[in-house]
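Coordinate inspection notes
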4 protein chains.
Amino acid sequence: MSLNTYGHLFRVTTWGESHGPALGATVDGCPPGIAVDEAMLQHWMDKRKPGQNKYTTQRREPDAVRILSGVFEGRTTGTPVQLMIENTDQRSKDYGDIAEKFRPGHADITYWQKYGIRDYRGGGRSSARETAARVAAGGLARAALAALAPSVEITGYMVQMGPRRAEPARYDMAEIPRNPFWCPDPVAAADWAEYLDALRKSGDSVGAVIEVVARGVPAGLGAPIYGKLDTDLAAAMMSINAVKGVEIGDGMAAAALTGTENADEIRMGPDGPVYTSNHAGGILGGISTGQEVVVRFSVKPTSSILTSRRTITRSGEDTDIVTKGRHDPCVGIRAVPVGEAMMACVILDHLLLHRGQVGAAGGRIGPGA
Amino acid sequence: MSLNTYGHLFRVTTWGESHGPALGATVDGCPPGIAVDEAMLQHWMDKRKPGQNKYTTQRREPDAVRILSGVFEGRTTGTPVQLMIENTDQRSKDYGDIAEKFRPGHADITYWQKYGIRDYRGGGRSSARETAARVAAGGLARAALAALAPSVEITGYMVQMGPRRAEPARYDMAEIPRNPFWCPDPVAAADWAEYLDALRKSGDSVGAVIEVVARGVPAGLGAPIYGKLDTDLAAAMMSINAVKGVEIGDGMAAAALTGTENADEIRMGPDGPVYTSNHAGGILGGISTGQEVVVRFSVKPTSSILTSRRTITRSGEDTDIVTKGRHDPCVGIRAVPVGEAMMACVILDHLLLHRGQVGAAGGRIGPGA
Amino acid sequence: MSLNTYGHLFRVTTWGESHGPALGATVDGCPPGIAVDEAMLQHWMDKRKPGQNKYTTQRREPDAVRILSGVFEGRTTGTPVQLMIENTDQRSKDYGDIAEKFRPGHADITYWQKYGIRDYRGGGRSSARETAARVAAGGLARAALAALAPSVEITGYMVQMGPRRAEPARYDMAEIPRNPFWCPDPVAAADWAEYLDALRKSGDSVGAVIEVVARGVPAGLGAPIYGKLDTDLAAAMMSINAVKGVEIGDGMAAAALTGTENADEIRMGPDGPVYTSNHAGGILGGISTGQEVVVRFSVKPTSSILTSRRTITRSGEDTDIVTKGRHDPCVGIRAVPVGEAMMACVILDHLLLHRGQVGAAGGRIGPGA
Amino acid sequence: MSLNTYGHLFRVTTWGESHGPALGATVDGCPPGIAVDEAMLQHWMDKRKPGQNKYTTQRREPDAVRILSGVFEGRTTGTPVQLMIENTDQRSKDYGDIAEKFRPGHADITYWQKYGIRDYRGGGRSSARETAARVAAGGLARAALAALAPSVEITGYMVQMGPRRAEPARYDMAEIPRNPFWCPDPVAAADWAEYLDALRKSGDSVGAVIEVVARGVPAGLGAPIYGKLDTDLAAAMMSINAVKGVEIGDGMAAAALTGTENADEIRMGPDGPVYTSNHAGGILGGISTGQEVVVRFSVKPTSSILTSRRTITRSGEDTDIVTKGRHDPCVGIRAVPVGEAMMACVILDHLLLHRGQVGAAGGRIGPGA
């Protein structure tokens, strides 16, 4: 069943709540012999870490990741890797309000309806804090990819904040780490800074669209029919908190095209097939083509806002709620490293699966084939 | 691993190729005692059946489904149900062209690159014909839902063809079966008829957007964090041939909203919580709220078109291809019953999972809770 | 969940009942490019086929296996392989007695208690007839092993009938197919023939012990801690109808040894490690050593006997039952090819798993390692 | 895949090595609302804890278990429960010898051949220390059973040490905790004490047979064909370190019986079916009958002995080895609580599975049924 697990062969089980003593990821199926240490993982943790600028939650967590098992003398052993992150800033406060009231847009009410018990402190298990464990696991997946498929390069960035879209013609990947939004378009980044400042001050929040691209993915990854690369990416991204839509390549816009427009025509290049376009987002029939794998997902606005909203209490009384506390005005910002982590895990998983599944080598294209 | 399987407890494994002797679905985990027979399944098969009007492939298949196991004296026994559909209209023809050339937009090239062998006849395993098996399994899921959760009602329809959108203000669910597009907006349906006629004559094709809604789903279904209801729906829909995007509730548009706009406020109604809106598509934190579960997905235009496109041969030579044969100008039409089938399977699966998972009853909301 | 499925990557789902129209195996995860046809599978089916001599059930089934999918032009394609066996000799008879009474030692009562419905005809799903599907799948596994690990050789044989044990000192593997008991000891075989004749005539039945050996299994297969090679073999054998015990290597007798006696000492041979003995049955820590993998399992006596036994009816009345019909006096005989099939599936599965799991090559032993 | 995981719905993933900072169990699928705390788990940990008498390893570990997630205000929340046990007594020593030499009977050589790297400190992942995590998880399973199926009572005990068997006629369950061998036969216990003293002094070790019985298991648990209760028990027990054989009911001895002898006849009792005997060990067709579920398994003698044994080094040289250190002369003693833990996990898992799987209630037996 593995309801808190993703992956077929590289299996990541996350555990832990927002305000418990710790959270983490139990990773089973990491290949042996991979060079990895805590510092390598911390690099990615720091990208997601809260409190880095005024646009992310002011909760102060070092998010220091510890490797408790599965690594010996700096290399993985093929046994489960336990990655633990202790929660240190569990600000002591009165939870009475959210213990009784269901915050609209949050999982408070549904966890209650499902389980009949909920850890209301900071959202408990449904807190975005759970994604810290994913980023740790993603760091491990990147280390494995570096060893097994060094051509793979994964980059995530924000392409839309609220109604304001970045302009692809201005994309410069070098810009991504230079602004707090991981935005490749410097003009949009400047615009978003002003926009988000105003929103934040008004006690409101806003949604976003994130794009994650994987370059250098070998052709042939993906397991049709129900373990397709795009199927697994859709599940991976949709499982991130607050995500409401997932697109591969042209995504929803593919509906508006004709077959003539949509065809990614093929030419023979010096090193194999070359495509004249990439409407498909690098995936055909659920299998990678060797082009860039392109995924986009929308993140809804943070539900915790200072604007009063109507809701009910556990005992069924109508009431209002204002969600005070430390919240990201645009939670999409911190979803960027999370999306990258999920992409890394899915690509690695399918790389391993491809090895296990295929007896004969995949088909060659070229003279005599 | 189960790469041709979906579901946690209600597990559907589809098998078969477009031009093999038969295809089908092996369904493990159907609860016992469910009343079902071949006629009940055939009802849904007929909805998807090709050759019903000029907008769907002229391949003539009765698509008669046979129950080979798991049903005794008209009721399921709790053992695997084998659903088989024989292929009868495997039009004998020369496959030489597509045996050598890779059709752009199809999985021809990636299956070759992955497996080093492919059944090129009609697309083999990657043919949309595989979805017949899903519809059969979906029929069984509906029979089980009718017994176990009779409030559940699942309806799919087309809301966009190419760039032309249906108008929600005109939706009338009674219209859906009255036009060949399963469109609830009669004005749009008439418009699409003209539009698609012209496209078909020009040898082109077009994409579409399908919406599937499940009403009467009890609150509490969904298994966070990685078996969320929306995660599983995203995977289910993305696994359908030609799907490139999946949305829950507001989907990609959620990115453009503020937190104030996006909040689905809650009031206490006579029978439990009532929401003032449904931006979330009936799912919070991966768990159903009791509202309508709303999923949308885009289907890319049929890749088999009469317009010549550039491609390469297996031996690496540049060439052109025109895909003759019997093809749907808008494959999205027949994706409607497929989307419904996937919804039925996912809802049933989570209903069973919820029973198995929960020791205590879910939480009550109301006085004294 | 996959409750009718075994295997991690080579996944076999069997379906079908004793007296339904057909039964079979849906095999997902067979590597592509494997040469296989129906005749190759039939070879193994014929070994298990009923009615071949006076010691097996006189039900006349050709047990002809059909390949419905996953094979194209004589080779597997990497897509699911559907293997179907039609039931032809469903002797029409009055089932009234076993419909109402629970046969002692059979699953009649427990299927009823679990499901509230049962296909009582010939035992339905719990009939040993289900093992025909396993043998078909095992044939496919053997074909894959022949291509991927040609050194592997799998042999099953009976080593005990009732209280009478074969004598290892007399074992001659060439004797196995020469007697109806697959016994490598010709003296025991002759003795068993007399013994079983008498039992059969008295309307009684008897148990047996089967041993299955796999030679040429490469070192390194097995996935600790819970997908160990011995764990998976134990599950595979215990899942066979009527099996009550499973042993690896010395098995239960290992308990009586001291550590000094039990140690399989190691010497360096020209081609790698050589062991001075094989108490461990070729498996250490769940991983193959490269020695013979040795599994034994006991099969209880056929529960269907002509001797009257006490039982109850569905409505709770005490009664007696005599199970007439066509039954094997020693069902262990036909368990031999079934045990071989399970061994083949498990070994192949772990071979595939090993490929997928391991990034670095396994460790070398020798100078400089 | 989940190669370090067992269970279908109650899924336990163990992690950690003998000499790493910690080890533990990630438990996914525990029902919500179960009362549990660290003290309840510690009760079972203490039963397995090393260093309690002269017959178990003198490694001093408090084996204190911490609950890091999934429990809120003393009750489970339905989210993953992380159970961590820190390793405190990692006696600093020179591992040079076992780093280079492969200990016969241990997994040293096979881990190396599989992974090309191994944590040789104390056996690393293949150490019996891993079973501490199982006992913690088993404690949680017992807490859940206490709430959901309070009739279930699980008892393990040793029935054979080396060649010396306990005598069932003398069994008194009250004796079990009174001797260091968990033996229900006080005469055998006294005899074993002498026997093991002598063995220990001679630097040798010995095997054992453990029996685990579950009383009060409701009829109807078990999921045929490949998730049978006996199949899962066989896998669970065989996965325990050093186990070489598993038996259900009469086990291997069932082979020697005739059908007449083996039949567990049925009579109608006041509360349902009553059996005249229990050769089947409480399981028919993979489903529980309501009788005692009886499992036995053999544990081979500890491979770490003071007697010199021949082996090879990693670089392929012949050598000898004496395994010094703190080792149990009869590791079977500490396998008793481990076997109990596995039984608890399997029974709970099938209880949950039964709830999820069955739509209709199971069948009633009695007038009018």
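As the structure is a prediction and not an experimental result, all values here were calculated from the model. (Residues numbered from 1 in each chain as written. Chains lettered and ligands numbered in written order. Predicted model: local features only at pLDDT ≥ 70, side-chain atom pairs only at ≥ 80, totals over all residues. Heavy atoms only, no water.)

Here's the deal with the sheet that holds strand β4 (residues 65–67) of chain B
Residue and element names in this part refer to chain B. Read from one edge of the open sheet, five strands run β1-β2-β3-β7-β4, paired in antiparallel fashion. The open sheet is flanked by β1 (5–6) and β4, the only strands paired with a single partner. Where strand β3 (residues 22–28) and strand β7 (residues 81–86) come together, six bridges link them in antiparallel fashion. Its bridge partner lying in β7, V27 is registered against V81. Across the sheet, helix α1 (residues 38–48) lies against β4 and β7, angled at about 150 degrees from β4, the strand it touches most. (Pairing = 2+ DSSP bridges. Helix = DSSP H or I, 4+ residues; strand = E, 2+ residues; numbered from the N terminus. Contact = heavy atoms within 4.5 Å. Axes fitted to C-alpha atoms, helices over the stretch in contact; angles between N-to-C directions.)

Quick look at the relation of the copies chain B and chain A
Expressed as a screw operation, the relation of chain B to chain A combines 0.0 Å of axial shift with a rotation of 180 degrees, fitting to an RMSD of 0.0 Å. Look at the turn and shift together and you get a two-fold axis relating the two. Of the interface residues in chain B, 100% have counterparts in chain A that sit at the interface too, so the contact is made through matching surfaces. (Least-squares fit on C-alpha atoms with pLDDT ≥ 70 in both.)

Topic: the UniProt feature "binding site: NADP(+)" (unreviewed entry) in chain A
All names here are of chain A. The UniProt record annotates "binding site: NADP(+)" (unreviewed entry) at R48 and K54. Relative to the helices and strands, R48 resides in helix α1 (residues 38–48). Judged by relative accessible area, which is 3%, R48 ranks as buried. Setting aside chain neighbours within four positions, we find R48 in contact with D63, A128, R129, T131, A132, V135, R334, P337 and V338. Its place among the elements puts K54 in the loop between α1 and β4 (65–67). Residue K54 is classed as partly exposed on the basis of its relative accessible area, which comes to 45%. For K54, the contacting residues outside a window of four places in its chain are D197 and R200. (UniProt positions renumbered as here; feature names shortened; annotations may be inferred. Buried < 20%, exposed > 50% of the residue type's maximum accessible area, 1.4 Å probe, protein only.)

Description of the packing of aromatic side chains
For the structure shown, the criterion picks out 20 aromatic pairs over all chains. Arranged with centres 4.7 Å apart and planes meeting at 70 degrees, the rings of Y226 of chain C and Y6 of chain D form a pair that is edge-to-face. On the criterion of chain membership, the pair formed by Y226 of chain C in the loop between β10 (208–215) and α6 (229–238) and Y6 of chain D in strand β1 (residues 5–6) is interchain, its members lying in two chains. Considered together, Y226 of chain C and Y6 of chain D belong to a single accessibility category, that of buried residues. The ring centre of W182 of chain C lies 4.7 Å from the NZ or CZ of K47 of chain C, which sits over that ring. (Phe/Tyr/Trp six-rings, centres within 6.5 Å; stacked < 30°, edge-to-face > 60°. Lys NZ or Arg CZ within 6 Å of the ring centre and 35° of its normal.)

Focus on the pattern of salt bridges
Under the criterion given, the structure shown has 84 salt bridges over all chains. For the salt bridge of E247 of chain C with R296 of chain C, the shortest nitrogen-to-oxygen distance reads 2.9 Å. Residue E247 of chain C is located in strand β11 (residues 243–248), and its partner R296 of chain C is located in strand β16 (residues 293–299); the two are separated by 49 residues in the primary sequence. Salt bridges sharing common partners tie together K47, R142 and E340 of chain A. (Salt bridge = Lys/Arg side-chain N within 4 Å of Asp/Glu carboxyl O.)

Some points on the UniProt feature "binding site: FMN" (unreviewed entry) in chain A
According to UniProt, the feature "binding site: FMN" (unreviewed entry) maps to R125, S126, S127, N241, A242, G285, K300, P301, T302, S303, S304 and R326 of chain A in the numbering used here. Of note, K300 of chain A is situated in the loop between β16 (293–299) and β17 (309–312). For K300 of chain A, the contacting residues outside a window of four places in its chain are G105, G207, A242, K244 and V331 of chain A together with A254, N262 and L284 of chain B. A polar atom in the side chain of K300 of chain A sits 3.0 Å from the backbone oxygen of G105 of chain A. Along the chain, S303 of chain A falls in the loop between β16 and β17. Side-chain polar atoms of S303 of chain A contact the backbone oxygen of G105 of chain A, separated by 3.3 Å. (Polar contact = N/O pair within 3.5 Å; in protein donor to acceptor, adjacent residues only side chain to side chain.)

Overview of the interface of chain C and chain B
Taken together, the contact between chain C and chain B spans 43 residues of the former and 43 residues of the latter. Of the roughly 3,200 Å² buried where chain C meets chain B, counting both sides, 62% is carbon and sulfur surface. At the surface where chain C touches chain B, the tally comes to zero salt bridges. Applying the counting criterion to the chain C and chain B interface returns eleven residue pairs in polar contact (both at pLDDT 80 or more). (Buried area = accessible area lost by both parts, 1.4 Å probe.)

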